Amino acid sequence: MLERLPLVTLYLSERCNSRCITCDYWKSGFGDMKLEAVRELLPELDALDTRDVLVSGGEPLLNREWREIADLLKSSGLNLWLLTSGLSLVKHSDQVAARFKTVTVSIDGTNAETYERIRGVNAFDKVCSGIRAMVDLGVPTSIRVTLQRANYPELPDFVALARELGATQVSFLAVDVGNPHAFSRTDNYATGLALHPDDVVALREIIDELEHRFESEFSNRFIAESPAKLRHICDYFAALCGQGDFPDVQCNAPEFSAVINAHGAVSPCFFISGPVDAPRASSLRAALDSTSMQALRMAIREGRRPECERCVCSMWRESLETTAEDFALPEVRNA
C-alpha cells in the first residue's frame, strides 16, 4: 500500500494541436478531464499528501476548463507544473503565468524545417515566442527534447537555443520506439525514428564534444542530464541496433507518483497502463491499493515488466521516507 503520493501527473486532454511522428494523440485522442472530476479528486490528493501536479496530455491547454482546473488545484495548495507543446503559450501567457509554478515545453527542432518534420506543424517561431513570453513573465521555463534520427545532429544547437530563449534548463530523452501504451499509439505508428549504427557512432562523438564545450552547463545543470546519462541514450540506440544490452534502468516512480488520464484511469507510470479492473481516480486510494495495482507495482519493483527494460524515461528518489518538500518540482538554474 502507498502511504503517500507526493507527485501526480494529470492529463487534462487526450487531444493535441501538434501532429508529431512519435505520437498518435492527434489522430485518436478525444477525451478531456472534467472540472467536476478534479473537484472529486481533491480530497484523495489531500489524504495522500500530494504536493506537486504535473499537468499534461495530449495538449492540456486544449481543455476548455484548464483555467478553472488549474485555479482549483492551486487554491488547494498544490504546486502546478505545465508540460505543453507551446503552441498556445503566446495566446495564454498571462493566464499560464498566474497559475503555474514552472513550465516545460517540448521542442524537437532548432529550426523551422526540423521542427515541422518531427512535429508536423509549421510552428517553430510561434513556440519560441511562447517560451520567450513565459520567460519575460518570470516563469521558470525549461525545454525538453526527444532525440531521434531526424534531430540528434542538432544536440549542441538545442543547448544554444535554450540559452537564446532564456530557458532555465534543457533536457534530453531518447525517442521511445517500442511502447504501445504511451502516446496513444496504434500498432502501425511511425517507424524509422531510431538511430542507425553509424548514427550511434556520430552521436557518441557529438556528446564527447558537448562535454568539453558545455562544461559549465553540465556542472550547473542547465543541461539536465550528465554526460554519462547522455551516453546511456547512445547505449539505448545501440541496443536497438543489436549492439549490446539496453542500459540498466533505475526507477521507483510508481512508489511515489501516479498518472491519471483524461478519463480518470490510474496508471503507475507514463509507460505502463494500469490494471483494467482498477477503480477510477475518483477513488484514487482504492485504485492505488487494489490487489491488481499492488501486484503491478511489485512486478515493476522486481524488474518483471518488459517495458522497463527499454524505458527511456526513468525517475529515482533515494529515499521514500522523506517529507513532501523533498519531492518538489525540479530546481533549475540559468547561470
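Residues numbered from 1 in each chain as written. Predicted model: local features only at pLDDT ≥ 70, side-chain atom pairs only at ≥ 80, totals over all residues. Heavy atoms only, no water.

A.B. asks: Can you help me understand the sheet that holds strand β6 (residues 169-174) in this one?
C.D. replies: Backbone-to-backbone hydrogen bonds pair the strands of a sheet. The strands run either parallel or antiparallel. Strand order in this open sheet of eight strands is β6-β5-β4-β3-β2-β1-β7-β8, and the pairing throughout is mixed. Here the strands that pair on one side only, and so sit at the sheet edges, are β6 and β8 (266-267). Summarising the sheet, strand β1 (residues 7-13) and strand β7 (residues 257-260) pair through four bridges and their orientation is parallel. Its bridge partner lying in β7, Thr 9 is registered against Val 259. Docked against the sheet, helix α7 (residues 155-165) engages β5 (141-147) and β6, running at close to 150° with respect to β6. (Pairing = 2+ DSSP bridges. Helix = DSSP H or I, 4+ residues; strand = E, 2+ residues; numbered from the N terminus. Contact = heavy atoms within 4.5 Å. Axes fitted to C-alpha atoms, helices over the stretch in contact; angles between N-to-C directions.)

A.B. asks: It is not clear to me how the packing of helix α2 (residues 35-47) against helix α3 (residues 66-75) should be interpreted in this structure. Could you clarify?
C.D. replies: Packing of α2 against α3 brings their axes to within 10 Å, and their N-to-C directions diverge by 15°. The orientation of α2 with respect to α3, classified from their angle, is roughly parallel. Of the two possible hands of crossing, α2 and α3 adopt the one that is right-handed. Of the residues in α3, those touching α2 at Leu 35, Val 38, Arg 39, Leu 42 and Leu 45 are Glu 68, Ile 69, Leu 72 and Leu 73. In terms of residue class, the contact of α2 with α3 is made up of seven nonpolar, no polar and two charged. (Parallel < 35°, antiparallel > 145°, perpendicular 65-115°, else oblique. Left-handed = near helix turned anticlockwise from the far one by under 90°. Nonpolar A, V, L, I, M, F, W, Y, C, P; charged D, E, K, R; others polar.)

A.B. asks: What should I look at first to understand the nonpolar core in this one?
C.D. replies: Generally speaking, nonpolar side chains in soluble globular proteins are found buried as a group. Leu 73, Phe 172 and Phe 237 are the most contacted members of the largest nonpolar core, which totals 89 residues. The biggest single contributor to this core is helix α10 (residues 227-240), with seven residues. Residues within four places of Leu 73 in sequence aside, it is in contact with Leu 10, Val 38, Leu 42, Leu 45, Val 53, Leu 78 and Leu 80. (Core = buried A, V, L, I, M, F, W, Y, C linked by side-chain atoms within 4.5 Å. Buried < 20%, exposed > 50% of the residue type's maximum accessible area, 1.4 Å probe, protein only.)

A.B. asks: It is not clear to me how the environment of Glu 59 should be interpreted in this structure. Could you clarify?
C.D. replies: Position of Glu 59 relative to the elements: it lies in the loop between β2 (52-57) and α3. The sequence separation of Glu 59 and Ser 18 amounts to 41 residues, and the corresponding C-alpha distance is 8.3 Å. Once you skip the residues sitting within four places of it in the chain, Glu 59 turns out to touch Ser 13, Arg 15, Cys 16, Asn 17, Thr 84, Ser 85 and Gly 86.

A.B. asks: I tried to follow the pairing of β5 on my own but got confused; where do I start?
C.D. replies: On any regular strand, side chains alternate: one points to one face of the sheet, the next to the other face. Counted residue by residue, β5 has six buried out of seven residues, so it is predominantly covered. Bridging between strand β4 (residues 102-106) and β5 involves four bridges; their strand directions are parallel. Its bridge partner being in β5, Ser 106 is matched across the sheet by Arg 144. Taken together, the six bridges between β5 and β6 define a ladder with parallel strand orientation. The residue bridging Arg 144 from the neighbouring strand is Ser 171, located in β6.

A.B. asks: Would you explain the pairing of β1 in this entry?
C.D. replies: Buried residues dominate β1, accounting for seven of its seven residues. Judged from the six bridges that link them, β1 and β2 form a sheet pairing that is parallel. In the sheet register, Tyr 11 faces β2, and the bridge partner there is Ser 56.

A.B. asks: I tried to follow the pattern of salt bridges on my own but got confused; where do I start?
C.D. replies: Close approach of charged atoms allows side chains with opposite charge to pair. The tally for this structure, following the rule as stated, stands at 17 salt bridges. Taking the shortest distance from any N to any O, the salt bridge between Arg 99 and Asp 71 comes out at 2.9 Å. Of this pair, Arg 99 sits in the loop between α4 (89-97) and β4 while Asp 71 is found in helix α3, placing the two residues 28 residues apart along the sequence. Overall, the relative accessible area of 15% leaves Arg 99 in the buried class. Here Asp 289 and Arg 285 are joined by a salt bridge, their closest N and O atoms 3.1 Å apart. Placement of both Asp 289 and Arg 285 in helix α11 (residues 284-289) is noted, with a separation of four residues, approximately one turn of the helix. Judged by its relative accessible area of 28%, Arg 285 is partly exposed. Taken together, the salt bridges that share partners define one network made up of Arg 4, Asp 49 and Arg 51. (Salt bridge = Lys/Arg side-chain N within 4 Å of Asp/Glu carboxyl O.)

A.B. asks: When you look at the packing of aromatic side chains in this model, what are you seeing that I'm missing?
C.D. replies: What describes a pair of aromatic rings is the distance from one ring centre to the other and the angle between the planes of the rings. Inspection of every chain in the model, using the stated rule, returns seven aromatic pairs. With centroids separated by 6.3 Å and ring planes inclined at 75°, the aromatic side chains of Phe 158 and Phe 172 adopt a geometry described as edge-to-face. Of this pair, Phe 158 sits in helix α7 while Phe 172 sits in strand β6, and the two are 14 residues apart along the sequence. There is no split in this pair, since Phe 158 and Phe 172 are both buried. (Phe/Tyr/Trp six-rings, centres within 6.5 Å; stacked < 30°, edge-to-face > 60°.)

A.B. asks: How do you make sense of the environment of Tyr 115 when you look at a structure like this?
C.D. replies: Within the element layout of this structure, Tyr 115 appears in helix α5 (residues 112-119). With near-sequence residues (within four places) excluded, Tyr 115 lies in contact with Ser 85, Leu 87, Ile 107, Asp 108, Gly 109, Gly 120, Val 121, Ala 123, Phe 124 and Val 127.

A.B. asks: In this structure, what is going on with α4? I would like to understand it.
C.D. replies: Helical periodicity: at 3.6 residues per turn, an α-helix aligns residues three or four positions apart in one direction. Every buried residue of α4 is listed here: Leu 89, His 92, Ser 93 and Val 96. Buried residues of α4, seen end-on, are gathered within an arc of 160° and therefore sit on one face of the element. Exposed and facing more than 90 degrees away from the buried side of α4 are Lys 91 and Asp 94. (Arc of directions from axis to C-beta.)

A.B. asks: Looking at this structure, I do not really get the environment of Val 103. What am I missing?
C.D. replies: Considering the arrangement of structural elements, one finds Val 103 in strand β4. Taking the relative accessible area as the measure of exposure, Val 103 reaches 0% and is therefore buried. The sequence separation of Val 103 and Leu 82 amounts to 21 residues, and the corresponding C-alpha distance is 4.7 Å. Discounting chain neighbours no more than four positions away, the residues touching Val 103 are Trp 81, Leu 82, Thr 84, Leu 89, Val 96, Met 134, Val 139, Pro 140, Thr 141 and Ser 142.

These results come straight from atomic positions and should not be treated as a statement about function.
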